[in-house]
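These are the residues of each chain, in order.
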Amino acid sequence: MNQPNTSKPKLFSTRLTAVIGLNWGDEGKGKLVDILASKSQFVARFGGGANAGHTIVVKGQKVVLHQLPSGVLHPQTKNVIGNGCVVHLPTLIEEIEELEKIGVNLTDRLFISDRATILFDFHKELDGLSESALGTKKIGTTKRGIGPAYADRVNRRSLRMGDLANLETFAAKLRERLEEVNKVKGLPFKFDIEREITLYQDLAERLEGMICDTSALLQEALTDGKTVLAEGAQGSLLDIEFGTFPFVTSSTTTAGNIFSGLGIPPQNFNSIGVAKAYTTRVGEGPFTTELLNETGEKLREVGAEFGATTGRPRRCGWMDLVATKYSAKLNGTTALNLTKLDVLNDFKEIQVCTKYSLDGEEIETLPATIEELERVEPIFETLPGWQTDTSAVKNISELPENAKAYIKFIEDYLKVPVNWVGVGVEREAMAS
Ligand code: GDP
Ligand code: IMO
Ligand code: MG
């Protein structure tokens, strides 16, 4: 006789932790993820692609990861590239090989979703062309093909990692897509279709054993009580829907995408936000607290603010608490990592934006339209600097009084505790 299944389903616990950038990217997510990865069984990227550049510095050795999750330096940690990502395979293989050269082996600990979108060279070409066509209105993309690859996915034209399991059908699908691209009138390039097919057939061999159902893998891991760290890429203000549209990336960078980008059911999670003690942005678009003066240059110089992916100088400005609170609310942020506090060590005074003025009216959130965003003026409060070296501080309570007051100001405004404070580039340079 059939018995009803009376066994209770295993409940997911809060073993899921997300690390999400609260500004326009490059907040220092990679460093925190690497630190937390030492105690995580899985680190998983849920969105974006090689537009990301996540820096980890260990004993002077710098590693910049673009598509690989930032758990790779811990031999016991498994790394997942989730279905939400767009993957450029030739550069992914290069990244894997670069790590092999420094003794990091990813065998049996890198898993790529069979549902992740494949990003091809033609996507990169299209990205570049679209930027040129926009001229002065360009977005300032990383030219890594992100927009065109996500567009293909939404248009249901893309190939996915799982397609590589059958090279015959893969070749047919790629041929069809490339013939379509080659027929587009006015494009200054034509792809050698057979060459591309052969290239991907070779790459498929290199990926043997890595492509799998990572959704099932992570569901099982969470059910079994394993810890999973969801690594955000880009920042909340670059989110396709909630960012400073249209000057955004093409994916959902905020916490909601953890679930659809990894294929795990919505559940409780620890939401860690990452924000610099000042603000930066690469690419075009509104930046309310930007400093187009010597102070901005000083922040760039002291903070070594040059893009980890494109090398472009980052635009610099004071911390924007209005935008950061907007992001913290979107992500349900419950703990903050304030990074690069050390960069402010020499400043006599520090300003922080606590309100916006829009057409003479004070507001405390981000308007939705680009026209309004461009008209917003920052309203600053000024706090005293600490003019003391903080680089050796390990405990937040040992920071100079004015640094603690700055942190307290941020906590009170955001209503989120600051649990980690970055005081230097090294893995060890993190006060908690
Ligand atoms: P991500 O994209 O959020 O991972 O950040 P990036 O790696 O693109 O940019 C952060 C930059 O700041 C990197 O060069 C890091 O090495 C550096 N960095 C991170 N945290 C700190 C910190 O607390 N102090 C200083 N001085 N540099 C930091
Ligand atoms: P990480 O993960 C900073 C920016 C680009 C551009 C816009 C759109 O290192 O924080 P895209 O190539 O995505 O179509 O470009 O988004 N951008 C980033 N800025 N850090 C990133 O990633 C970024 N990824 C994209 O500069 O303004
Ligand atoms: Mg970066």
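For clarity, every value in this text was computed on a predicted model and none was experimentally measured. (Residues numbered from 1 in each chain as written. Chains lettered and ligands numbered in written order. Predicted model: local features only at pLDDT ≥ 70, side-chain atom pairs only at ≥ 80, totals over all residues. Heavy atoms only, no water.)

**Q** Help me understand the coordination of the magnesium ion (ligand 3) in this model?
**A** By definition of the ideal shapes, a tetrahedral metal site with four donors has angles of 109.5 degrees and an octahedral site with six donors has angles of 90 or 180 degrees. Here the magnesium ion (ligand 3) is held by D26 (OD) and G53 (O), and the distances to it run 2.0 to 2.2 Å. Note that D26 is positioned in the loop between β1 (16-21) and α1 (29-37) and G53 in the loop between β2 (42-45) and β3 (54-58), a separation of 27 residues in sequence. Residue D26 is classed as partly exposed on the basis of its relative accessible area, which comes to 21%. On the basis of relative accessibility, which here comes to 10%, the residue G53 falls in the buried class. (Donors = N, O, S within 2.8 Å, 3.2 Å for Na, K, Ca; no water. Helix = DSSP H or I, 4+ residues; strand = E, 2+ residues; numbered from the N terminus. Buried < 20%, exposed > 50% of the residue type's maximum accessible area, 1.4 Å probe, protein only.)

**Q** Sorry, what's going on with the nonpolar core here?
**A** Across soluble globular proteins, you tend to see nonpolar side chains buried next to one another. Residues L336, L338, L341, L344, L399, Y406 and V421 are the most contacted members of the largest nonpolar core, which totals 50 residues. At the level of secondary structure, the elements contributing two or more residues to this core comprise α10 (321-331), β15 (335-339), β16 (349-358), α12 (401-414) and β19 (418-422). Per-element tally for this core: the top contributor is α12, with six residues. Among the nonpolar cores identified, the runner-up in size contains 41 residues, and L65, L89, L110 and L164 belong to it. (Core = buried A, V, L, I, M, F, W, Y, C linked by side-chain atoms within 4.5 Å.)

**Q** So what exactly am I meant to see when it comes to the sheet that holds strand β9 (residues 211-212) here?
**A** What holds strands together in a sheet is hydrogen bonding between their backbones, with the strands either parallel or antiparallel. Spatial strand order, β9-β7-β5-β2-β10-β1-β11-β15-β19-β20: ten strands in an open sheet with mixed pairing. Only two strands of the sheet have a single partner each, and these edge strands are β9 and β20 (430-431). Sheet topology places β2 next to strand β5 (residues 78-81); four bridges connect them, and they run parallel. Within β5, the residue paired with R45 across the bridge is I81. (Pairing = 2+ DSSP bridges.)

**Q** Explanation requested: empty space enclosed by the protein in the structure shown.
**A** Over the atoms rolls a probe the size of a water molecule, and in doing so it shows where empty space is left. Scanning the entire structure with this criterion turns up two cavities of 30 Å³ or more. In this model, the largest cavity occupies a volume close to 60 Å³. Forming the boundary of the largest cavity are W24, L237, T244, P286, F287, T288, D320, A323, Y356, L366 and L373. Here the lining of the largest cavity is built from residues that sort into eight nonpolar, two polar and one charged. The calculated volume of the second largest cavity comes to roughly 40 Å³. Surrounding the second largest cavity, N23, W24, G25, E27, K276, Y278, T279 and T280 form its lining. A per-class count over the lining of the second largest cavity returns two nonpolar, four polar and two charged. (1 Å grid on protein atoms, 1.4 Å probe; cavity = no way out; pocket = protein on both sides within 12 Å on 5 of 7 lines; lining within 4 Å. Points joined across faces, edges and corners; volume = space filled by probe spheres on them. Nonpolar A, V, L, I, M, F, W, Y, C, P; charged D, E, K, R; others polar.)

**Q** What am I meant to see in the site of ligand 2 here?
**A** K29, H54, T142, Q234 and T249 are the nearest of the 21 residues found near ligand 2. Within the contact set of ligand 2, an oxygen atom lies 2.7 Å away from a side-chain nitrogen or oxygen of K29. Take H54: an N or O atom from its side chain is 2.6 Å from an oxygen atom of ligand 2. Contact with the protein chains covers 98% of the free accessible surface of ligand 2, which is 550 Å². Judged by the proximity of its atoms to the pocket grid, ligand 2 belongs to the largest pocket. Looking at side-chain class alone, the shell around ligand 2 contains eight nonpolar, ten polar and three charged residues. A domain-level breakdown of the shell around ligand 2 finds at least three residues from each of domain 1 (16-114 + 213-431) and domain 2 (117-209). (Near = heavy atom within 4 Å. Polar contact = N/O pair within 3.5 Å; in protein donor to acceptor, adjacent residues only side chain to side chain. Areas by Shrake-Rupley, 256 points an atom, 1.4 Å probe, with all protein chains shown as cover. Sits in = over half its atoms within 2 Å of the grid points. Domains from an automatic or database assignment.)

**Q** Could you clarify how one ought to interpret the environment of C316 in this entry?
**A** In this fold, C316 is placed in strand β13 (residues 315-317). Judged by its relative accessible area of 1%, C316 falls in the buried class. For the pair formed by C316 and G296, sequence separation is 20 residues and the distance between their alpha carbons is 5.2 Å. Among residues more than four places away in sequence, those in contact with C316 are T279, T280, F287, E290, L291, G296, L299, R300 and E305. (Contact = heavy atoms within 4.5 Å.)

**Q** Help me out: how do you make sense of the side chain of K31 in this one?
**A** Its location among the elements puts K31 in helix α1. Nearest to the buried, unbridged K31 among oppositely charged side chains is D342, at 6.5 Å. A distance of 2.7 Å separates the side chain of K31 from the backbone oxygen of A429, its partner in a polar contact. Other than its neighbours up to four places away in sequence, K31 contacts T55, G422, V423, G424, V425, E426, R427, A429 and M430. (Lys, Arg positive; Asp, Glu negative; His and termini not counted. Salt bridge = Lys/Arg side-chain N within 4 Å of Asp/Glu carboxyl O.)

**Q** Please explain the site of ligand 1 as it appears in this structure.
**A** In the neighbourhood of ligand 1, 18 residues make up the surrounding shell, with G28, K29, G53, T55 and D342 lying closest. In this structure, G30 approaches ligand 1 through a main-chain N or O atom, which is 2.8 Å from an oxygen atom. Taking G424, its main chain carries an N or O atom lying 3.3 Å from a nitrogen atom of ligand 1. The fraction of the free accessible surface of ligand 1 (580 Å²) that becomes covered by protein chains is 93%. Here ligand 1 occupies the second largest pocket. With three residues, α1 is the largest single contributor of residues to the shell around ligand 1. Here the shell around ligand 1 is composed, by residue class, of four nonpolar, seven polar and seven charged.

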